[in-house]
Amino acid sequence: SDLLLAAQAGAASPERTLAQREHTAWTERNGAPERVSSFAQTADGWLWLGTPRGLFRFDGKRFEQVQPAFAQRFPDTDVYALQADPAGGLWIGWRTGGISHLRDGAVRNWSAADGLPHGSIWGFAQDGQGLWAAGLDGLAWFDGTAWKRIGEEQGFSARKASSVFVSADGTVAVLSELGLFLRA
């Protein structure tokens, strides 16, 4: 009961309009990157932004372009998709293809040779067992160890996977050029 009252007391008043609320805007003059294509927020509070010029993070005050620590490199600079993972890492899908996983400054990169679709990676979705990746040349699933292409054998007959979502009940929904595919 006390918890419910505290939550209600801290909630924004529904009578206030959007114009009556506090707003802060960041532009290029404040260091914000141009042409943001994707967002994700990791468990540590960082807001990550994917752009054609690379990966940026924002702490609420300033923007910083991010490169992996050590001598590691990203395979591209044009970020198409981002997905925070429950362990605090960040999945990155690239325009030229491939996926990177960034955690604590260290990066691991995967390509079509590792089982990913060729070409751009357009979206991610996390389910209880792994990560789905949708892209120009199809759909793949990561089980925590390896990437596996999803195709006709698994009921996905489309050539492209433009986006992928996982519902609260665990159903995987994939949007493609042939329509919507559902996997329960």
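Residues numbered from 1 in each chain as written. Predicted model: local features only at pLDDT ≥ 70, side-chain atom pairs only at ≥ 80, totals over all residues. Heavy atoms only, no water.

(A) How the structure looks around the packing of aromatic side chains. Under the criterion given, the structure shown has ten aromatic pairs. Aromatic pair W91 and W110: ring centres 5.5 Å apart, planes at 35°, arrangement tilted. Of this pair, W91 sits in strand β6 (residues 90-94) while W110 sits in strand β8 (residues 106-110), and the two are 19 residues apart along the sequence. You'll find W91 and W110 in the same group, each marked buried. Ring plane angle 65° and centroid distance 5.3 Å describe the contact between W91 and F142, whose orientation is recorded as edge-to-face. In this pair, W91 sits in strand β6 while F142 sits in strand β11 (residues 138-142), placing the two residues 51 residues apart along the sequence. These aromatic residues form a ring-pair network of at least three members: W91, W110, F142 and W147. For the cation-ring pair, R57 lies above W46, with the distance from its terminal atom to the ring centre recorded as 3.9 Å. (Phe/Tyr/Trp six-rings, centres within 6.5 Å; stacked < 30°, edge-to-face > 60°. Helix = DSSP H or I, 4+ residues; strand = E, 2+ residues; numbered from the N terminus. Buried < 20%, exposed > 50% of the residue type's maximum accessible area, 1.4 Å probe, protein only. Lys NZ or Arg CZ within 6 Å of the ring centre and 35° of its normal.)

(B) How the structure looks around a nonpolar patch on the surface. Together, L175, L180 and L182 line one region of the surface with nonpolar side chains, adding up to about 310 Å² of accessible area. In this structure, L175 sits in strand β14 (residues 172-176). (Patch = residues over 30% accessible without salt bridge, like charges linked within 9 Å, V, L, I, M, F, W, Y side chains within 5 Å. Areas by Shrake-Rupley, 256 points an atom, 1.4 Å probe, with all protein chains shown as cover. Salt bridge = Lys/Arg side-chain N within 4 Å of Asp/Glu carboxyl O.)

(C) How the structure looks around unusual backbone geometry. Even without glycine at this site, R35 takes up a positive phi of about 50°. With respect to the helices and strands, the residue R35 is situated in the loop between α1 (2-10) and β1 (38-41). Taking the relative accessible area as the measure of exposure, R35 reaches 65% and is therefore exposed. A positive phi is found at D104, a non-glycine position, where the angle reads about 55°. Mapped onto the elements, D104 comes out in the loop between β7 (99-103) and β8.

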